[in-house]
Amino acid sequence: MSHQTGIDATPELKQFLARARRGSIRIMKIIISNEELVLDSYREPAQSWDKDYDQFLLPLLTPQEPCYILYRLDSQNAQGYEWLFIAWSPDQSPVRQKMMYAATRATLKKEFGGGHIRDEMFGTVEDDLCFQGYIRHRSSCSSPAPLTAAEQELQRIKVTEDKVVWDERRRIATPTARAKVTMEFGLDKRAQTLQGLAFPLQEDAKRALQQLQQKRINYIQLRLDVEKETIELVHTKPTETHELPFRIPTDSPRYHFFIFKHSHQGQPQEALVFIYSMPGYTCSIKERMLYSSCKNRLLDEVERDYQLEVTKKMEIDSGDGLTEDFLYEEVHPMEHTLKQVFAKPRGPGGKRGNKRLIKEAGENGEEN
């Protein structure tokens, strides 16, 4: 699911990224210049990450000029220091630049190494990306700090699997959910479904769906509150198509409703797209089970009670490649309606000669 621009990092930038991953750099600003990713500026640590944050970051946010910023935290995972990946795309910047930066984001992440990135942020104004903005972002994600790969596996094996079976069997008798638990655990695949599980929508989420139906908003993000067994509203920030990849959390599952405005066959159109984002095994088995199980009942309620017709439903593990081209192809798939017609095979080339006539034999056995 990737539609990239062909823009790549310069050799100098690649060398600098390798140096930065070792921890000697606090922050670096990367821009697109002459169709290449280049280093614009950087600074080394002065104090702790939180004290350096606003002092180092805010001066790099230039009005009307998008950029990428990589900010090093003081925490570490199995691969080394953890980083924030920040995409700055001010409202006043040209649309072409916004689209180019959105489409090149996956290239830079791959070049730097996704395993080093703890969190991603997207901002159009300084308030989105300042230190308090980052605190709000973490609060909206409402998820614990990421574990190492070894810790995740240990947690899944020793704690989660057995607990999930017990919790969900007990949940069968509750009025908020009637579920049949079917679980399949494998070496490479763990698929779990809870058929018919339904969590009620909270009031804020209901109001947001009403506003979406009235087209007063164009984007909704929802999350499950596992403890309360409800579906809660995260936010309804106005979202352009090029901003959509940055709305997808990298460490927690979400449901998204997005009105995709586009042109099809010369006519302006709108399509309601439902996106179920589940960032792989960074989430617990219980979360994967519950989000997967509540999805269909949520869609049924949205279409039945709010008269919202969902044009396309999709499941993703990250926002990478969630571009306008990709959405267009999903909403308007190429129709392969023409079947190949097989003609009768032609005979061998060249003159075939006259047809043979078989005559009746005479009385003496000779041909007449």
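Computed from a prediction, not measured in an experiment: that's the story for all the values here. (Residues numbered from 1 in each chain as written. Predicted model: local features only at pLDDT ≥ 70, side-chain atom pairs only at ≥ 80, totals over all residues. Heavy atoms only, no water.)

A. A look at the overall build of the protein chain. Looking only at helices and strands, the protein chain has 9 helices and 13 strands in total. Relative to all contacts within the protein chain whose residues are 6 or more apart in sequence, the contacts with residues 24 or more apart total 62%. Accessible surface for the protein chain amounts to roughly 21,000 Å². Of this, 47% is attributable to carbon and sulfur atoms. (Helix = DSSP H or I, 4+ residues; strand = E, 2+ residues; numbered from the N terminus. Contact = heavy atoms within 4.5 Å. Areas by Shrake-Rupley, 256 points an atom, 1.4 Å probe, with all protein chains shown as cover.)

B. Molecular detail of the pattern of salt bridges. Overall, the coordinates contain 20 salt bridges when judged by the stated rule. With its nearest N and O atoms 3.7 Å apart, the salt bridge here joins Asp 8 to Lys 14. Looking at Lys 14, the relative accessible area reads 33%, which means it is partly exposed. Salt-bridge contacts for Arg 138 lead to Asp 119; the nearest nitrogen and oxygen are separated by 2.9 Å. In this pair, Arg 138 is assigned in helix α5 (residues 131-141) and Asp 119 in strand β6 (residues 117-123), connecting sequence segments 19 residues apart. The same class applies to Arg 138 as to Asp 119, namely buried. Salt bridges linked by common partners bring Arg 26, Asp 52, Arg 72 and Asp 74 together as one network. (Salt bridge = Lys/Arg side-chain N within 4 Å of Asp/Glu carboxyl O. Buried < 20%, exposed > 50% of the residue type's maximum accessible area, 1.4 Å probe, protein only.)

C. Representation of the confidence of the model for the protein chain in the model. For the protein chain, per-residue confidence averages 80 on the pLDDT scale, and 74% of positions sit at 70 or higher. Low pLDDT, under 50, characterises residues 363-368; the predicted model gives this stretch 6 contacts beyond four residues in sequence or across chains. (pLDDT = per-residue confidence, 0-100.)

D. The arrangement of empty space enclosed by the protein in detail. Scanning the entire structure with this criterion turns up 2 cavities of 30 Å³ or more. Considering only enclosed or pocket space, the second largest cavity measures out at about 40 Å³ in volume. The wall of the second largest cavity is formed by Cys 67, Tyr 68, Ala 87, Trp 88, Ser 89, Lys 98, Tyr 101, Ala 102 and Phe 246. At the level of elements, β4 (67-77), β5 (80-88) and α3 (95-112) are the ones that each hand at least two residues to the lining of the second largest cavity. Here the lining of the second largest cavity gets 3 residues from one element, more than from any other, and that element is α3. Along the lines of polarity and charge, the residues of the lining of the second largest cavity split into 7 nonpolar, 1 polar and 1 charged. (1 Å grid on protein atoms, 1.4 Å probe; cavity = no way out; pocket = protein on both sides within 12 Å on 5 of 7 lines; lining within 4 Å. Points joined across faces, edges and corners; volume = space filled by probe spheres on them. Nonpolar A, V, L, I, M, F, W, Y, C, P; charged D, E, K, R; others polar.)

E. Just the nonpolar core, in detail. Ranked by internal contacts, the top residues of the largest apolar core, which has 29 residues, are Leu 222, Tyr 255, Phe 257 and Leu 298. For this core, the secondary structure elements donating two or more residues are α7 (203-213), β9 (219-225), β11 (254-264), β12 (267-277) and α8 (285-305). At 6 residues, α8 tops the list of elements feeding residues into this core. Those residues in contact with Leu 222 that lie beyond four places of it in its chain are Leu 201, Ala 205, Ile 231, Glu 232, Leu 233, Val 234, Arg 254, Tyr 255, Phe 257 and Leu 298. Counting 20 residues, the second-largest nonpolar core is a separate cluster that includes Leu 17, Ile 30, Ile 32 and Trp 83. (Core = buried A, V, L, I, M, F, W, Y, C linked by side-chain atoms within 4.5 Å.)

F. Main features of the packing of aromatic side chains. With the rule as written, the count across this model stands at 15 aromatic pairs. On the basis of an interplanar angle of 55 degrees and a centroid distance of 4.8 Å, the ring pair of Phe 16 and Tyr 42 is categorised as tilted. With Phe 16 in helix α1 (residues 11-24) and Tyr 42 in strand β3 (residues 36-43), the pair connects residues that are 26 residues apart, well separated along the chain. Taking relative accessible area as the criterion, Phe 16 reaches 8% and is therefore assigned buried. Relative accessible area serves as the criterion here: at 38%, Tyr 42 is assigned to the partly exposed category. With a centroid separation of 4.5 Å and an interplanar angle of 15 degrees, the aromatic rings of Phe 122 and Phe 246 are classed as stacked. Residue Phe 122 is found in strand β6, and its partner Phe 246 is found in the loop between β10 (230-235) and β11; the two are separated by 124 residues along the sequence. Residue classification places Phe 246 among the buried residues on the basis of a relative accessible area of 14%. (Phe/Tyr/Trp six-rings, centres within 6.5 Å; stacked < 30°, edge-to-face > 60°.)

G. Geometry of the packing of α1 against α3. Put simply, α1 and α3 touch, their axes get as near as 10 Å, and they point 55 degrees apart. Between α1 and α3, the crossing angle belongs to the class labelled oblique. For the pair α1 and α3, the contacting residues are Lys 14, Leu 17 and Arg 21 in the first and Leu 108, Glu 111 and Phe 112 in the second. Of the residues belonging to the contact of α1 with α3, the class tally is 3 nonpolar, no polar and 3 charged. (Axes fitted to C-alpha atoms, helices over the stretch in contact; angles between N-to-C directions. Parallel < 35°, antiparallel > 145°, perpendicular 65-115°, else oblique.)

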